[in-house]
Amino acid sequence: MADVRPFRAYRPQKGLEQRIAALPYDVYNREEACQVVMDNPQSFLAIDRAETQFGLETDTYAPEVYAKAKEMLWGQIAEGRFVKEERPCYYLYEQIMDGRSQTGIVACASIDDYESNVIKKHENTRADKEQDRIRHVDVCNMQTGPIFLAYRANDVLRKIVSDTRAKEPVYDFVSEDGIGHKVWVISDEVQVEAIRSAFAEIPNIYIADGHHRCASAVKVGMKRREEHPDHTGEEEYNYFLSVLFPDEELHILDYNRVVKDLNGLTEEEFLQKVGESFDVEVVGEKPYAPQEKGTFGMYLGGVWYSLKAKEELRSADAVDGLDVSILQRYLLTPVLGIGDPKTDKRIDFVGGIRGLKELERRTQTDMKVAFSMYPTSIQELFAVADAGRLMPPKSTWFEPKLRSGLFLHGLEA
């Protein structure tokens with residue numbers, strides 16, 4: 001059963017939250033991160049990406065970069081820009097995007113639950129990508145980026161969330177990208193105990209987004225255990241900062257594909273080969289977003305097509321039945337020669353937040369053909385994780401992104 005506990009968050013002093021809150025560190029390249037921090041020096045990105053405080057001659061992963069992050073973080077805490085909660089609490093974090101709301105419980109999840117697969121994964125992680133956040137968390141002695149977790153909706157938690165949302169939030173602001181953010185503190189001892197007990201009855205929770213951040217937090221916790229052989233398991237480093245959302249509120253966007261060339265085929269030859277596995281229909285110039293599972297949009301030569309996978313290609317298997325798997329197995333690999341989408345330089349991926357016009361733009365610049373996808377569902381994600389399987393690369397795109405800097409979890413306590 002899931003061990004999800006309250007904690008004493010460091011959070012922005014009232015009035016500073018809008019300027020401090022920042023998108024996750026990994027959505028920016030270095031040039032973009034530097035520009036964000038230049039435009040808003042108060043952005044938490046300055047701490048999450050402390051290389052922004054140095055010239056380009058300084059390596060992103062140099063020791064002085066992590067030392068600078070620590071200096072800035074604890075300096076701002078000393079200045080009172082962040083305050084620490086007086087006692088362990090849970091928090092509610094609501095995000096509103098395009099009129100749709102999702103509300104998560106901010107808490108700390110157990111590294112033991114991660115290790116024992118109570119917290120289930122659907123992606124592999126790469127050690128090189130973990131190393132940066134391991135060093136950042138370890139040097140700063142603070143977890144700064146929450147992990148996006150999901151759980152199957154629960155009546156007890158649903159009622160507590162509803163009752164809390166009826167109260168006045170401690171933060172209520174709209175970020176520069178138009179996303180609304182509200183935060184409530186849950187400090188009532190009865191509610192705190194009810195939340196912890198409710199999660200203790202939930203057999204599994206799932207990583208929706210943030211596999212590398214999660215693996216990094218766990219590895220820091222394991223490192224601290226080795227350094228403290230007398231540990232009890234209750235120390236803060238045994239838990240990691242998370243926001244847990246009920247499945248019924250989550251919305252996964254499409255994660256689309258663009259390919260550089262037609263693998264030596266003419267457009268006519270390519271369409272003929274596609275037609276061997278898919279029913280192909282011309283849509284026209286209007287962008288086409290598939291409306292059901294097993295269908296795809298394709299943009300080629302200025303024309304949109306609809307593709308429908310033939311019935312014999314469908315599968316009830318948790319992974320093989322995913323649309324991203326069907327497209328890969330029956331079109332990208334055999335027709336376009338894309339063997340490993342993780343490493344092949346001829347394919348790129350475009351998050352659905354960028355819209356279908358971005359697919360058109362890419363085919364007019366550096367790519368030849370684009371595919372619009374029907375979004376993977378949260379139920380499909382759960383099914384893959386429950387089966388102990390992994391999703392193909394770039395299967396899910398979650399929006400809105402969780403902000404960093406609104407909740408910090410100190411490992412010093």
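Residues numbered from 1 in each chain as written. Predicted model: local features only at pLDDT ≥ 70, side-chain atom pairs only at ≥ 80, totals over all residues. Heavy atoms only, no water.

### A word on the packing of aromatic side chains
- In total, this model carries 13 aromatic pairs according to the counting rule given.
- Taking the centre distance of 5.7 Å and the plane angle of 85° together, the rings of Phe278 and Phe296 count as edge-to-face. Of the two residues, Phe278 is situated in strand E15 (residues 278–284) and Phe296 in strand E16 (residues 295–300); the sequence distance between them amounts to 18 residues.
- Overall, Phe296 belongs to the buried group, its relative accessible area being 0%. (Phe/Tyr/Trp six-rings, centres within 6.5 Å; stacked < 30°, edge-to-face > 60°. Helix = DSSP H or I, 4+ residues; strand = E, 2+ residues; numbered from the N terminus. Buried < 20%, exposed > 50% of the residue type's maximum accessible area, 1.4 Å probe, protein only.)

### With respect to the side chain of Gln95
- When you line up the elements, Gln95 lands in strand E4 (residues 90–97).
- We classify Gln95 as buried; its relative accessible area is 0%.
- Within the local environment of Gln95, its side chain forms a polar contact with the side chain of Tyr93, the two groups lying 3.3 Å apart.
- Excluding residues that lie within four positions of it along the chain, Gln95 makes contacts with Arg100, Ser101, Gln102, Ile179, Gly180, His181, Phe245, Pro400, Lys401, Leu402 and Arg403. (Polar contact = N/O pair within 3.5 Å; in protein donor to acceptor, adjacent residues only side chain to side chain. Contact = heavy atoms within 4.5 Å.)

### Notes on helix H8 (residues 189–200)
- Between the first and last C-alpha of H8 there are 16 Å, a value that for 12 residues agrees with the 16 Å anticipated at 1.5 Å per step.
- Those residues of H8 lying buried are Gln191, Val192, Ile195, Ala198 and Phe199. End-on view of H8: buried residues confined to an arc of 130°, all on one side of the axis. Projecting away from the buried face of H8 at angles above 90 degrees are the exposed residues Glu189 and Val190.
- With a side-chain oxygen lying 3.1 Å from the backbone nitrogen of Val190, the N-terminal cap of H8 falls on Asp188. (Expected span 1.5 Å × (residues − 1). Arc of directions from axis to C-beta.)

### Quick look at the sheet that holds strand E19 (residues 369–373)
- Spatially, six strands are ordered E15-E17-E16-E19-E14-E18 in an open sheet, and the strand pairing comes out antiparallel. This sheet does not close on itself; its edge strands, each paired only once, are E15 and strand E18 (347–351). Between one strand axis and the next, the sheet turns through 25° on average, direction left out of account.
- Here E16 runs beside E19; their pairing, made up of five bridges, is antiparallel. Bridged to Leu300 within E19 is Val369.
- Contacts from helix H11 (residues 323–332) reach strand E14 (255–259), E15, E16, strand E17 (303–309), E18 and E19, with the element oriented near 150° to E19.
- Against the sheet, helix H12 (residues 356–363) engages E14, E16, E17, E18 and E19, with an angle of about 165° to E19. (Pairing = 2+ DSSP bridges. Axes fitted to C-alpha atoms, helices over the stretch in contact; angles between N-to-C directions.)

### Details of the packing of helix H7 (residues 155–165) against H8
- Two elements in contact, H7 and H8, have axes whose closest approach is 9 Å; the angle formed by their N-to-C orientations is 150°. Between H7 and H8 the crossing geometry is left-handed. Counting all contacts with H7, which are made through Val156, Leu157, Ile160 and Thr164, the residues of H8 involved are Gln191, Ala194, Ile195, Ala198 and Phe199.
- Each residue belonging to the contact of H7 with H8 can be placed in one class, and the counts come to seven nonpolar, two polar and no charged. (Left-handed = near helix turned anticlockwise from the far one by under 90°. Nonpolar A, V, L, I, M, F, W, Y, C, P; charged D, E, K, R; others polar.)

### Some points on the packing of helix H4 (residues 63–79) against helix H6 (residues 127–140)
- For the pair H4 and H6, the least separation of the axes is 9 Å and the interaxial angle reads 45°. It follows that H4 is oblique to H6 by the angle criterion. Where H4 crosses over H6, the two elements pack in a sense that is right-handed. Of the residues in H6, those touching H4 at Pro63, Tyr66, Ala67, Ala69, Lys70, Leu73 and Trp74 are Asp132, Arg135, His136, Val139 and Cys140.
- Its residues assigned to classes, the contact of H4 with H6 comprises eight nonpolar, one polar and three charged. (Parallel < 35°, antiparallel > 145°, perpendicular 65-115°, else oblique.)

### Some points on the nonpolar core
- Of all hydrophobic cores here, the largest spans 61 residues; its most connected members are Phe270, Leu331, Leu332, Leu336, Val369 and Phe371.
- One finds Ala109, Ile119, Trp184 and Ile202 within the second-largest nonpolar core, a separate group that totals 32 residues. (Core = buried A, V, L, I, M, F, W, Y, C linked by side-chain atoms within 4.5 Å.)

### Focus on a negative patch on the surface
- Taken together, Asp279, Glu281, Glu311 and Glu312 make up a surface patch of like negative charges.
- Within the fold, Glu312 resides in the loop between E17 and H11. (Patch = residues over 30% accessible without salt bridge, like charges linked within 9 Å, V, L, I, M, F, W, Y side chains within 5 Å. Areas by Shrake-Rupley, 256 points an atom, 1.4 Å probe, with all protein chains shown as cover. Salt bridge = Lys/Arg side-chain N within 4 Å of Asp/Glu carboxyl O. Lys, Arg positive; Asp, Glu negative; His and termini not counted. Charge placed at Lys NZ, Arg CZ, Asp CG, Glu CD.)

### Brief notes about the side chain of Thr295
- Counting through the fold element by element, Thr295 comes out in strand E16.
- Within the local environment of Thr295, its side chain forms a polar contact with the backbone oxygen of Glu292, the two atoms lying 2.6 Å apart.
- Sequence-distant contacts of Thr295, that is, excluding residues within four places in its chain, are made with Pro290, Leu307, Lys308, Asp323 and Tyr374.

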